[in-house]
Amino acid sequence: MDFSPSPRAAELTQAVSDFAAEFIEPAEADYLNDLELARANGTAWTPLPVLDELRSLARERGLWNL
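Read on for a plain summary of the structure. Predicted model only: the values in this text are computed from it and were never measured. (Residues numbered from 1 in each chain as written. Predicted model: local features only at pLDDT ≥ 70, side-chain atom pairs only at ≥ 80, totals over all residues. Heavy atoms only, no water.)

Thoughts on unusual backbone geometry
Point 1. Of note in the backbone geometry, N65 takes a positive phi value of approximately 60° without being a glycine.
Point 2. Mapped onto the fold, N65 is located in the segment after α2 (49-60). (Helix = DSSP H or I, 4+ residues; strand = E, 2+ residues; numbered from the N terminus.)

Quick look at the structure:
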């Protein structure tokens, strides 16, 4: 049996990997800082703005809610 991914799956895997390297990993430090401030303010359950930005970028690239 051939268990290799389809061309579309391979393409999506690469696109998600590229997106993570380009946008998510660089935003990690800001996210953690914002989360620390939110916890100190008692608003840790409020969605952080950086998540909205990343979500929008993922949607633009067709990578949201795969």
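Considerations on the environment of T46
Point 1. Its location among the elements puts T46 in the loop between α1 (7-41) and α2.
Point 2. A C-alpha to C-alpha distance of 9.4 Å links T46 and L35, two positions eleven residues apart in sequence.

Concerning the nonpolar core
Point 1. Of all hydrophobic cores here, the largest spans ten residues; its members are F19, F23, A27, L35, A38, L48, V50, L54, A58 and L63.
Point 2. Breaking this core down by element, the ones donating at least two residues are α1 and α2.
Point 3. Counting residues per element, this core draws most heavily on α1, at five residues.
Point 4. The residues touching L63, leaving out its near neighbours within four places in the chain, are L12, A15, V16, F19 and A58. (Core = buried A, V, L, I, M, F, W, Y, C linked by side-chain atoms within 4.5 Å. Buried < 20%, exposed > 50% of the residue type's maximum accessible area, 1.4 Å probe, protein only. Contact = heavy atoms within 4.5 Å.)

Purely geometric stuff here, so don't read any function into it on its own.
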